[in-house]
Amino acid sequence: MIYATSREVLAYQSSTTLQKLAQIGMFSICLTGVSLAANYHDEAQVMSGSQRVAPFQFRNETDELQPMERIRDWIAEKYDLPSASVAPALSAAEESGMAQGVDPLLIIAVIATESSFDPRAVSKQGARGLMQVMPKYHQDKVGKLGKAAWFDPKINVRAGTQVLKECIDRYGNVQSALQFYNGSLNDRSKRYSRKVLALKKQLAAISIKTSG
């Protein structure tokens, strides 16, 4: 049974114009203590709901690019997207990660793998939005909101993060949780989870690069 998503994603062109970022500065990751990259080996550990996740912050008043800006720019270049269109997904990942105790970089890596940051993505099996959540299994996560809600970045990522957290709580480690999320728990090669975790590691490395 496909619990949450499908690997086959059909890109649909957005019918609405993405709002431009207000002039509020860009997002950055507040990296405290040990860096995210150094913590990559902990991915196989249990992630509890009470885990504290360092928040992303608005850009400070320096000329140096902040961590989330570097991630945003890398994603925009890799997926050939306007930087402004990437921001809602990053913001939603930060908010949902903080609320549910899931590493925002893991959420971003899932979004990239599932939908390539297309909020209108739909799979042949009916999975929808940035995190390719299956409405028929997870309608409870959006309540009485209409079908369009699944394509709202904030709502979709919140629901997808709930699904991911449930998977982590169920299996006790991120790798198995990701395989179950993708509906490929029996894949001995663990191809899906290896892809997501490799991307998360890459995002962590990008976030701590220094200019020059």
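Residues numbered from 1 in each chain as written. Predicted model: local features only at pLDDT ≥ 70, side-chain atom pairs only at ≥ 80, totals over all residues. Heavy atoms only, no water.

**Considerations on the overall build of the protein**
Part 1: Helix and strand counts for the protein stand at 7 helices and 2 strands.
Part 2: Starting at the N terminus and walking to the C terminus, you meet the elements of the protein as β-β-α-α-α-α-α-α-α.
Part 3: Among the 212 residues that make up the protein, the fraction classed as buried is 47%.
Part 4: Look at the contacts in the protein between residues 6 or more apart in sequence, and 68% of them connect residues 24 or more apart.
Part 5: A total accessible area of about 11000 Å² is found for the protein, and carbon and sulfur atoms account for 50% of it. (Helix = DSSP H or I, 4+ residues; strand = E, 2+ residues; numbered from the N terminus. Buried < 20%, exposed > 50% of the residue type's maximum accessible area, 1.4 Å probe, protein only. Contact = heavy atoms within 4.5 Å. Areas by Shrake-Rupley, 256 points an atom, 1.4 Å probe, with all protein chains shown as cover.)

**Thoughts on the confidence of the model for the protein**
Part 1: Of the residues in the protein, 68% reach a pLDDT of 70 or more, and the chain-wide mean stands at 76.
Part 2: Per-residue pLDDT stays below 50 along residues 5-60; that stretch engages in 130 contacts with residues further than four places along the chain or on separate chains. (pLDDT = per-residue confidence, 0-100.)

**A word on helix α6 (residues 174-182)**
Part 1: Of all 9 residues in α6, 8 are buried, a share of seventy percent or more.
Part 2: Along α6, the positions that sit buried rather than exposed are Val-174, Ser-176, Ala-177, Leu-178, Gln-179, Phe-180, Tyr-181 and Asn-182.
Part 3: In this structure, the buried residues of α6 make contact with α3 (104-115), α5 (153-171) and α7 (191-207).
Part 4: For α6, the N-terminal capping position is held by Asn-173, with its side-chain oxygen 3.3 Å away from the main-chain nitrogen of Gln-175. (Polar contact = N/O pair within 3.5 Å; in protein donor to acceptor, adjacent residues only side chain to side chain.)

**A closer look at the nonpolar core**
Part 1: Within the largest apolar cluster, 45 residues are counted, with the highest numbers of intra-cluster contacts made by Ile-108, Phe-117, Leu-178 and Tyr-181.
Part 2: Contributing elements (two or more residues each) for this core: α1 (67-78), α2 (83-100), α3, α5, α6 and α7.
Part 3: At 8 residues, the largest contribution of residues to this core is made by α3. (Core = buried A, V, L, I, M, F, W, Y, C linked by side-chain atoms within 4.5 Å.)

**Points about the packing of α1 against α2**
Part 1: Interaxial distance between α1 and α2 falls to 9 Å at its minimum, and their mutual angle equals 120°. As summarised for this structure, α1 and α2 are arranged oblique, according to the angle between their axes. Two packed elements cross with a definite hand, and for α1 against α2 that hand is right-handed. Listed contacts from α2 to Met-68, Arg-72, Asp-73, Ile-75 and Ala-76 of α1 are Ser-83, Val-86 and Leu-90. (Axes fitted to C-alpha atoms, helices over the stretch in contact; angles between N-to-C directions. Parallel < 35°, antiparallel > 145°, perpendicular 65-115°, else oblique. Left-handed = near helix turned anticlockwise from the far one by under 90°.)

**Overview of α1**
Part 1: Taking 1.5 Å of rise per residue, the 12 residues of α1 would be expected to cover 16 Å, and the 17 Å separating its terminal C-alpha atoms lies within 8% of that figure.
Part 2: Turning to α1, its buried residues number three or more, namely Pro-67, Met-68, Glu-69, Arg-70, Ile-71, Arg-72, Ile-75 and Ala-76.
Part 3: A positive phi of about 55° marks Asp-80, the residue just after α1. (Expected span 1.5 Å × (residues − 1).)

**Quick notes on the environment of Ala-99**
Part 1: Its place among the elements puts Ala-99 in helix α2.
Part 2: Residue Ala-99 is classed as exposed on the basis of its relative accessible area of 63%.
Part 3: Residues Ala-99 and Gln-162, 63 residues apart in the sequence, show an inter-C-alpha distance of 9.8 Å.

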